[in-house]
Amino acid sequence: MSWDQEHSPFKPELETALEKSLDEAVGVFLTWIWKQKDKLDSIHPWLIDAWKDYKVGDYA
């Protein structure tokens, strides 16, 4: 991992998921960022596409 957020709220879960697979870790991150979407100024279309493509959840 290469970002400055040493104490990111999803880091422990992400590290555990990385032990399984990169796809599992992507799912953890996408789930975390998706739950934050109401706090974002905008939602990038690529986030929506990734959310759908990884089949983490349904875009509502």
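Rules of the game
Residues numbered from 1 in each chain as written. Predicted model: local features only at pLDDT ≥ 70, side-chain atom pairs only at ≥ 80, totals over all residues. Heavy atoms only, no water. Core = buried A, V, L, I, M, F, W, Y, C linked by side-chain atoms within 4.5 Å. Buried < 20%, exposed > 50% of the residue type's maximum accessible area, 1.4 Å probe, protein only. Helix = DSSP H or I, 4+ residues; strand = E, 2+ residues; numbered from the N terminus. Arc of directions from axis to C-beta. Axes fitted to C-alpha atoms, helices over the stretch in contact; angles between N-to-C directions. Parallel < 35°, antiparallel > 145°, perpendicular 65-115°, else oblique. Contact = heavy atoms within 4.5 Å. Nonpolar A, V, L, I, M, F, W, Y, C, P; charged D, E, K, R; others polar.

## Description of the nonpolar core
Note on soluble globular proteins: their nonpolar side chains tend to be buried together. Leu30, Ile33, Trp34, Leu47, Ile48, Ala50 and Trp51 together form the largest nonpolar core, which totals seven residues. Of all the elements in the fold, those that place two or more residues in this core are helix H2 (22-35) and helix H3 (45-53). Tallying contributions element by element places H3 first for this core, with four residues. Grouped together as the second largest cluster of nonpolar side chains are five residues, Phe10, Leu14, Ala17 and Ala25 included.

## Some thoughts on helix H1 (residues 11-20)
When we look at burial in H1, the residues that qualify are Lys11, Leu14 and Ala17. Summarising the axial view, the buried residues of H1 lie within an arc of 120°, below the 170-degree limit, and thus occupy one face. In H1, the exposed residues that point more than 90 degrees away from the buried face are Pro12, Glu13, Glu19 and Lys20.

## Description of the packing of H1 against H2
Interhelical geometry of H1 versus H2 gives an angle of 155° and a closest axis separation of 6 Å. Comparing the axis directions of H1 and H2 gives the class roughly antiparallel. For the pair H1 and H2, contact is made by Glu13, Leu14, Ala17, Leu18 and Lys20 and by Leu22, Glu24, Ala25 and Val28, respectively. By residue class, the composition of the contact of H1 with H2 is six nonpolar, no polar and three charged.

## Re the environment of leucine 18
Note that leucine 18 resides in helix H1. Sequence-wise, leucine 18 and valine 28 are ten residues apart; in three dimensions their C-alpha atoms are separated by 9.4 Å.

## Notes on H3
Those residues of H3 that fall on the buried side of the exposure criterion are Leu47, Ile48, Ala50 and Trp51. Taken down its axis, H3 places every buried residue within 165° of arc, on the same side. Along H3, the residues that are exposed and aim more than 90 degrees away from the buried face are Trp46 and Asp53.

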